[in-house]
Amino acid sequence: EIEELTRAGRRALVLGDAREAVGCFRKALLLSGGTESPRLRRVCAFNLGAAYVESGKPAKGLEFLLRAQPLEGESREHLGGLYFNIGAAQEGLQDFPKALEYFGRAVGPDGAAQAGSRAGTRVQMGCCYLGMREPARAARCFLEAARSYAAAASPEAAAVALSRASGSMLQSQRFGAAEIAGVLARCHSLCESIPDTALRGKLYDDIGLGYSQLHIFSLAAESFERALALRRGEPDQRREAALLQNLGAAHNALGSFGTALGWHRRAVALHSRLHRDLFALGFARCAGSGWCPVFPIPGALGNRRAQGQCFGNLAYACSRLGNHEAAAENYLHALQAFRDSGDMQGQWQACEGLGAACFHLGHPQKAIGHYKEAL
């Protein structure tokens, strides 16, 4: 019966039903108490502890995982899985140093773990270092994980690890632009072999944001276009709106204002539609205008601030094309959106842009008023 419950618990975990798994493993552990096998009781405790960690209850999981450790004098070989799960429980409790200690034991000396499991452990160690606000060390863990995933012929996992590495490298400010660009290029090359279009689209999006931070806007635009082609039509249209906004911002930075205009208009239209839908439910600097291309943070979109950024980017493109009347109109829309969302930086940038537009339109007093408001 214990074996049957164990198999049922493992099936439940594979299907993502951690609650059902906990129930099966708990019954198995209770039954193991009536046996003569300490090893069986430890295996059952391990299964239950790992299931609790998977279900988001790290403290409860840790309690059973510690009970699964071998007794004094018993062999401590083949304990990678136990140490990994204890590390995962400690990570869930945000005790990152202790989690790193156990993840280190799980990896063991070189060759002690298979490439795939070693890579997964390195990823978890990278997450711990991020939790400790040490992005440089996190980046190195993600890079090691990418190498291990590549050795295990897992291009999807390798690409995700490289994407996370590049983000950590940018955050740490301890890596050179050429080194980060090299990691982004490796990630980009792996994307071609990934059959999951949703994952490929997200990776291209992340790569584009990475190139944007490096000011390599031509490669950023190319990555955003690839991402847009893969993510268009997704249920969450905020992602599509973000990509349109990013494409426009990249072309603004490249000086391709005519091309940028089309992307900005599509982004504004989509953000406006999203804003209307939400309402129905009841709910950076360049010479001459103070505006710079704004690359939004995915997840912070579908709101008035994102809509204001789109209007501001569109206004800037219009101003650089000499259409100051359209620029003024869009800066006004941006200003209202930033007021609605409480974005003070957006407000002063929009006011400065309005001042420049009014000056070009021959309204110096209005321009002075907007410049004063920006101050």
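Up top is the structure.
Residues numbered from 1 in each chain as written. Predicted model: local features only at pLDDT ≥ 70, side-chain atom pairs only at ≥ 80, totals over all residues. Heavy atoms only, no water.

> Which residues make up the nonpolar core, and what values go with them?
Ranked by internal contacts, the top residues of the largest apolar core, which has 103 residues, are Leu 48, Tyr 149, Met 169, Ile 180 and Ile 207. At nine residues, helix H8 (residues 135–151) tops the list of elements feeding residues into this core. In contact with Leu 48, other than residues within four places in its own chain, are Val 22, Phe 25, Arg 26, Leu 29 and Phe 64. (Core = buried A, V, L, I, M, F, W, Y, C linked by side-chain atoms within 4.5 Å. Buried < 20%, exposed > 50% of the residue type's maximum accessible area, 1.4 Å probe, protein only. Helix = DSSP H or I, 4+ residues; strand = E, 2+ residues; numbered from the N terminus. Contact = heavy atoms within 4.5 Å.)

> So what's going on with the pattern of salt bridges? Which residues, and what values?
Pairing between side chains of opposite charge can happen when their charged atoms approach one another. One pass over the structure, following the stated rule, counts twelve salt bridges. Its salt-bridge partner being Arg 105, residue Glu 101 comes within 2.7 Å of it at the nearest N-O pair. Note that Glu 101 and Arg 105 are positioned in helix H6 (residues 96–107) at a spacing of four residues, about one turn of the helix. Given the relative accessible area of 38%, Arg 105 is considered partly exposed. Across the pair Asp 206 and Lys 202 runs a salt bridge whose closest N-O atoms are separated by 2.8 Å. Of the two residues, Asp 206 and Lys 202 are both situated in helix H11 (residues 197–213); the distance of four residues between them amounts to about one turn of the helix. A relative accessible area of 23% means that Asp 206 is categorised as partly exposed. Lys 202 sits in the partly exposed class, given a relative accessible area of 42%. (Salt bridge = Lys/Arg side-chain N within 4 Å of Asp/Glu carboxyl O.)

> So what's going on with the side chain of His 370? Which residues, and what values?
Examined against the element boundaries, His 370 turns out to sit in helix H18 (residues 364–374). The buried category is assigned to His 370, whose relative accessible area is 17%. Apart from residues lying up to four places away in sequence, His 370 is in contact with Cys 351, Leu 354, Gly 355 and Cys 358.

> Run through helix H1 (residues 2–14), naming residues and quoting values.
The end-to-end C-alpha separation of H1 is 18 Å, in line with the 18 Å expected for 13 residues at 1.5 Å each. Taken as a whole, H1 has its buried residues at Ile 2, Leu 5, Thr 6, Gly 9 and Ala 12. An end-on view of H1 places all buried positions within 125 degrees of arc, on one side of the element. Turned more than 90 degrees off the buried face of H1, the exposed positions are Glu 3, Glu 4, Arg 11 and Val 14. The first or second residue beyond H1 is Gly 16, which carries a positive phi of 85 degrees. (Expected span 1.5 Å × (residues − 1). Arc of directions from axis to C-beta.)

> Provide a residue-level description of a positive patch on the surface, including the pertinent values.
The grouping of Arg 19, Arg 26, Lys 57 and Lys 60 at the surface amounts to a positive patch. Structurally, Lys 60 can be placed in helix H4 (residues 58–67). For Lys 60, a relative accessible area of 37% translates into the label partly exposed. (Patch = residues over 30% accessible without salt bridge, like charges linked within 9 Å, V, L, I, M, F, W, Y side chains within 5 Å. Areas by Shrake-Rupley, 256 points an atom, 1.4 Å probe, with all protein chains shown as cover. Lys, Arg positive; Asp, Glu negative; His and termini not counted. Charge placed at Lys NZ, Arg CZ, Asp CG, Glu CD.)

> How would you explain unusual backbone geometry if you had to name every residue and give the values?
A positive phi angle, close to 65 degrees, is found at Gln 94, a residue other than glycine. With respect to the secondary-structure elements, Gln 94 resides in the loop between helix H5 (80–92) and H6. With relative accessibility at 61%, the residue Gln 94 sits in the exposed group.

> Describe the packing of aromatic side chains, with residues and values.
This model, assessed by the stated rule, comprises four aromatic pairs. Between Tyr 52 and Phe 64, the aromatic rings sit 5.9 Å apart at their centres with planes inclined by 15 degrees, giving stacked as the arrangement. Taken as a pair, Tyr 52 in helix H3 (residues 38–54) and Phe 64 in helix H4 lie far apart in primary sequence, twelve residues in all. There is no split in this pair, since Tyr 52 and Phe 64 are both buried. Aromatic pair Phe 84 and Phe 103: ring centres 5.4 Å apart, planes at 50 degrees, arrangement tilted. Here Phe 103 lies in helix H6 and Phe 84 lies in helix H5, a separation of 19 residues in the sequence. Its guanidinium or amino end placed over the ring of Tyr 83, Arg 105 lies 5.5 Å from that ring's centre, counting from NZ or CZ. For the cation-ring pair, Arg 105 lies above Tyr 102, with the distance from its terminal atom to the ring centre recorded as 4.6 Å. (Phe/Tyr/Trp six-rings, centres within 6.5 Å; stacked < 30°, edge-to-face > 60°. Lys NZ or Arg CZ within 6 Å of the ring centre and 35° of its normal.)

> For the packing of H4 against H5, give the residues involved together with the corresponding values.
Direction vectors running N to C along H4 and H5 enclose 150 degrees, while the axes themselves pass 8 Å from each other. One element, H4, and the other, H5, form an angle in the roughly antiparallel class. Of the two possible hands of crossing, H4 and H5 adopt the one that is left-handed. Taken together, the residues of H5 that come into contact with H4 (itself represented by Pro 58, Leu 62, Leu 65 and Leu 66) are Leu 82, Asn 85, Ile 86, Ala 89, Gln 90 and Gly 92. When the residues that make up the contact of H4 with H5 are grouped by side-chain class, the tally is seven nonpolar, three polar and no charged. (Axes fitted to C-alpha atoms, helices over the stretch in contact; angles between N-to-C directions. Parallel < 35°, antiparallel > 145°, perpendicular 65-115°, else oblique. Left-handed = near helix turned anticlockwise from the far one by under 90°. Nonpolar A, V, L, I, M, F, W, Y, C, P; charged D, E, K, R; others polar.)

The values reported here are purely geometric and, on their own, carry no functional implication.
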